[in-house]
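# A structural walkthrough
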Amino acid sequence: MNIEQLRGVIARNMALDPNDDFGTEKCWEEMTAILSEDIIATLHYFENECTDEELYWLGAVFEDVAEKTQSKELIQVLRNRLAKVTPETYCQQNLKNEHMRKWVDYTEYVRGLGVDIDFAEGKIDE
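Residues numbered from 1 in each chain as written. Predicted model: local features only at pLDDT ≥ 70, side-chain atom pairs only at ≥ 80, totals over all residues. Heavy atoms only, no water.

## Topic: the packing of helix α3 (residues 39-48) against helix α6 (residues 72-83)
What counts is decided by this rule: In this description, a line fitted to the C-alpha atoms serves as the axis of each element, helices being fitted only across the stretch in contact, and the angle between N-to-C directions of two axes falls anywhere from 0 to 180 degrees. Put simply, DSSP H or I for four residues or longer makes a helix, DSSP E for two residues or longer makes a strand, and each gets a number counted from the N terminus. Note on terminology: angles under 35 degrees are roughly parallel, angles over 145 are roughly antiparallel, angles of 65 to 115 are roughly perpendicular, and the others are oblique. Here, two residues are considered to be in contact whenever any of their heavy atoms come within 4.5 Å of each other. Three classes are used, and their members are as follows: Ala, Val, Leu, Ile, Met, Phe, Trp, Tyr, Cys and Pro are nonpolar, Asp, Glu, Lys and Arg are charged, and the others, Gly among them, are polar.
Relative to each other, α3 and α6 sit at 10°, their axes nearing to 9 Å. Taken together, the axes of α3 and α6 lie roughly parallel to each other. The residues of α6 that touch α3, namely those facing I39, L43, F46 and E47, are E73, L74, V77, L78 and R81. Tallied by class, the residues present in the contact of α3 with α6 amount to 6 nonpolar, no polar and 3 charged.

So this is what it looks like as structure tokens:
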């Protein structure tokens, strides 16, 4: 998995106008492809290298990655990663994206990602 490539796509996605559906969809497709190509590397990334801000932006593709990889371990890793974010460690003012600095407080962050992970879990066949 090419982490720098993934970070580049995340940066492009963060810079898009919120109404740019085509650009957003293209970024989501790229993020999904990168995260789905090597699930072991993806799990390592989420456990050890993913920032809180990256986790938030990647939440949009958790469902697609889960559907493509069918990895139950992915869901557990995502839940564990989200649990590491506490009110004490979540620093909204230090986030790069203006939207997140302004609108995504700790409660919204945890709620939104929790929903994303729940939907992703629903895409895994039993």
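## Some remarks on the packing of helix α2 (residues 21-36) against helix α5 (residues 62-69)
What counts is decided by this rule: Working rule for handedness: look at the near helix, and if it is turned counterclockwise from the far one by less than a right angle, call the crossing left-handed; if clockwise, right-handed.
Taken N-terminus to C-terminus, the directions of α2 and α5 make an angle of 40°; their axes are 9 Å apart at the nearest point. Here α5 runs oblique to α2, going by the angle between their axes. When the axes of α2 and α5 are compared, the crossing they make is right-handed. Of the residues in α5, those in contact with T32, L35 and S36 of α2 are D64, V65, K68 and T69. Looking at the contact of α2 with α5 residue by residue, the class counts come to 2 nonpolar, 3 polar and 2 charged.

## Observations regarding the nonpolar core
For clarity, the cut-off: Working definition of a nonpolar core: buried Ala, Val, Leu, Ile, Met, Phe, Trp, Tyr and Cys residues. They are joined through side-chain atoms within 4.5 Å. Buried, partly exposed and exposed residues are distinguished by accessible area as a fraction of the type maximum, computed with a 1.4 Å probe on protein chains only: under 20%, between the cut-offs, and over 50%, respectively.
With 35 residues, the main nonpolar core has Y45, F46, L58, F62 and Y109 as its most contacted residues. Elements with a minimum of two residues in this core: α1 (3-15), α2, α3, α4 (52-58), α5, α6 and α8 (106-121). What Y109 contacts, discounting residues up to four positions off in sequence, is D52, L55, Y56, L82, V85, Y90, M100 and V104.

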